[in-house]
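Structural description and commentary
If you want the building blocks of each chain, they are given just below.
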Amino acid sequence: MASQHQVGSLRWWPPTMNPTWLDLVVEDVPDGLPAFRSDLESALGCRVAVYLADRIPQEAWGRLLVETVAL
């Protein structure tokens, strides 16, 4: 689905086993971000929050890279 929406880098953050909500970080912002999130929610059956890596302060992004899982 990421390639369908032209998302180059997708990370799961923070990795959790909570099936009711997923937090994801994208490094390449898709043109249709709302459609991407909606398609993910439909496919996964849960709510999805998509965070944009370029909006996260550089010092915080360095720490988040350690806490995220590449998908």
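The structure reproduced in this document is the subject of the present report. (Residues numbered from 1 in each chain as written. Predicted model: local features only at pLDDT ≥ 70, side-chain atom pairs only at ≥ 80, totals over all residues. Heavy atoms only, no water.)

So, about the pairing of strand β3 (residues 47–52). Bridge count for strand β2 (residues 21–26) against β3 is six bridges, and the pairing is parallel. Residue Val-26 lies in a different strand from β3, and its bridge partner there is Leu-52. Following the backbone out of β2, through helix α1 (residues 33–44) and into the adjacent parallel β3, one traces a crossover that is right-handed. (Pairing = 2+ DSSP bridges. Helix = DSSP H or I, 4+ residues; strand = E, 2+ residues; numbered from the N terminus. Right-handed = clockwise from strand over helix to strand, strands pointing away.)

Quick look at the nonpolar core now. One finds Val-7, Leu-10, Leu-24, Val-26, Phe-36, Leu-40, Val-48, Val-50 and Leu-52 forming the largest nonpolar core, which totals nine residues. Among the elements of the structure, β2, α1 and β3 are those that each provide at least two residues to this core. Looking at this core element by element, the count peaks at three residues for β3. Once you skip the residues sitting within four places of it in the chain, Val-50 turns out to touch Leu-24, Val-26, Leu-33 and Arg-37. Within the second largest apolar cluster, seven residues are counted, among which are Val-25, Ala-53, Ile-56 and Ala-60. (Core = buried A, V, L, I, M, F, W, Y, C linked by side-chain atoms within 4.5 Å. Buried < 20%, exposed > 50% of the residue type's maximum accessible area, 1.4 Å probe, protein only. Contact = heavy atoms within 4.5 Å.)

So, on to the side chain of Thr-68. Within the secondary structure layout, Thr-68 lies in the loop between α2 (58–67) and β4 (69–70). A distance of 3.3 Å separates a polar atom in the side chain of Thr-68 from the backbone oxygen of Leu-65. (Polar contact = N/O pair within 3.5 Å; in protein donor to acceptor, adjacent residues only side chain to side chain.)

By themselves, these figures tell us nothing about what the structure is for.
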